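Fold and contact review
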Amino acid sequence: MSQKTEAPRVVYEGKYQRMVVRGTWEYSERTHAGGLAAIIIAVTPNDEVLFVEQFRVPLQARTIEMPAGLVGDITAGESIEDSAVRELEEETGWTASHAEVLMIGPTSSGASSEKIAFVRATGLRKVGNGGGDASEDITVHTIARSRAAAWLVEKMGEGYELDAKLWAGLWMIEHHLDGRPRG
């Protein structure tokens, strides 16, 4: 029987994830609406890229990431754009007047069915301190766009774990998906 058509068997289900076996494949699925997360690409009016730092239990390490969060985990049916603006504000203290989904794709297609939406946030305005919700301990970093890639490399050298999607996000600040420069 084909891996694609065989019925999945749930071997564990928690609040946010479940472990599934389908044929010889074992993988995780998000249990919230759609299994989608948003990563927010945000540049302040002072031409600074917003990054967040936090401890990630699965890695047992501090990470540097772009702001991100689950779509629809608070309000069922919430749009990707609304989720992205909500997460941006919660994590960084910045809000956006506009959010645009640039692309949606898998995060780790061999291990999870989760997909991520890259969302470009524009019209940024500072409205608070950020830092996440009561369960999070997020440090916000605003780094000059011209120095962002070098800063990330420095953080890697200091032992931080870096989400590889950071470099895709930096590229999307400067380019459309087809490679044309942003105007």
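Everything quoted here is computed from the prediction, not taken from an experiment. (Residues numbered from 1 in each chain as written. Predicted model: local features only at pLDDT ≥ 70, side-chain atom pairs only at ≥ 80, totals over all residues. Heavy atoms only, no water.)

**Considering the pattern of salt bridges**
One side chain can pair with another of opposite charge once the charged atoms of both are near each other. The full count for this structure, using the stated rule, is 14 salt bridges. As a salt-bridge pair, D73 and R86 come within 3.1 Å of each other at their nearest N and O atoms. With D73 in the loop between β7 (68-70) and α1 (80-92) and R86 in helix α1, this residue pair connects regions lying 13 residues apart in the sequence. Of the charged contacts, one joins R86 and E78 as a salt bridge, the two residues approaching to 2.9 Å between their closest N and O atoms. Just as R86 is buried, E78 falls in that class too. (Salt bridge = Lys/Arg side-chain N within 4 Å of Asp/Glu carboxyl O. Helix = DSSP H or I, 4+ residues; strand = E, 2+ residues; numbered from the N terminus. Buried < 20%, exposed > 50% of the residue type's maximum accessible area, 1.4 Å probe, protein only.)

**What to know about the side chain of R120**
If you trace the backbone, R120 turns up in strand β9 (residues 115-126). Within the buried set, R120 has no salt-bridge partner at all; the shortest N-O distance to an opposite charge, 4.9 Å, is to E100. Within the structure, R120 has its side chain in polar contact with the backbone oxygen of M172 (distance 3.4 Å). The contacts of R120, once residues within four sequence positions are left out, are I41, H98, A99, E100, L102, M172, I173 and R182. (Lys, Arg positive; Asp, Glu negative; His and termini not counted. Polar contact = N/O pair within 3.5 Å; in protein donor to acceptor, adjacent residues only side chain to side chain. Contact = heavy atoms within 4.5 Å.)

**A closer look at the sheet that holds strand β2 (residues 17-22)**
Within the open sheet, the three strands sit side by side as β1-β2-β3. Their pairing is antiparallel. Both outer strands of the open sheet, β1 (9-13) and β3 (25-30), are each paired with one neighbouring strand and no more. The sheet shows a mean angle of 30° between the axes of neighbouring strands, taken without regard to direction. Bridge analysis of β1 against β2 gives four bridges, and the strand direction is antiparallel. When the bridges of β2 are listed, V10 appears paired with V20. (Pairing = 2+ DSSP bridges. Axes fitted to C-alpha atoms, helices over the stretch in contact; angles between N-to-C directions.)

**Some words on the environment of G105**
By the secondary structure assignment, G105 is in strand β8 (residues 94-106). Residue classification places G105 among the buried residues on the basis of a relative accessible area of 10%. Here the alpha-carbon distance between G105 and K115, two residues ten residues apart in the chain, equals 5.2 Å. With residues up to four places along the chain from it excluded, the contact list for G105 reads K115 and I116.

**A look at the sheet that holds strand β6 (residues 61-65)**
Judged by pairing direction, the sheet is mixed, and its four strands sit side by side in the order β10-β5-β6-β11 without closing on themselves. Whereas interior strands pair on both sides, the edge strands pair on one side only; in this sheet they are β10 (139-144) and β11 (161-162). Both strand β5 (residues 48-56) and β10 contribute to a ladder of six bridges, which runs antiparallel. Looking at β10, one finds that F51 is bridged to H141. With respect to the sheet, α1 is in contact with β5 and β10, its orientation differing from that of β5 by roughly 75°.

**Brief notes about unusual backbone geometry**
Although it is not a glycine, D47 adopts a positive phi angle of roughly 60°. Structurally, D47 is set in the loop between β4 (36-42) and β5. Residue D47 is classed as partly exposed on the basis of its relative accessible area, which comes to 33%. In this structure, Q60 takes a positive phi of about 55° despite not being glycine.

**Here we look at helix α2 (residues 148-157)**
Since one α-helical turn is 3.6 residues long, residues separated by three or four positions face the same way. Among the residues of α2, those classed as buried are A148, W151, L152 and K155. Along α2, the residues classed as buried sweep out an arc of 100° about the axis, all on the same side. Summarising the contacts, the buried residues of α2 are in contact with β5, β6, β10, β11 and α3 (165-174). G159 lies just past α2 and shows a positive phi near 100°. (Arc of directions from axis to C-beta.)

**What about the packing of aromatic side chains?**
For the structure on display, the rule yields one aromatic pair. Summarising the aromatic geometry, the rings of F51 and W151 are spaced 5.4 Å apart at their centres and angled 25° between planes, so their arrangement reads as stacked. With a gap of 100 residues between them, F51 in strand β5 and W151 in helix α2 connect regions that are remote in the sequence. One exposure class covers both F51 and W151, and it is buried. (Phe/Tyr/Trp six-rings, centres within 6.5 Å; stacked < 30°, edge-to-face > 60°.)

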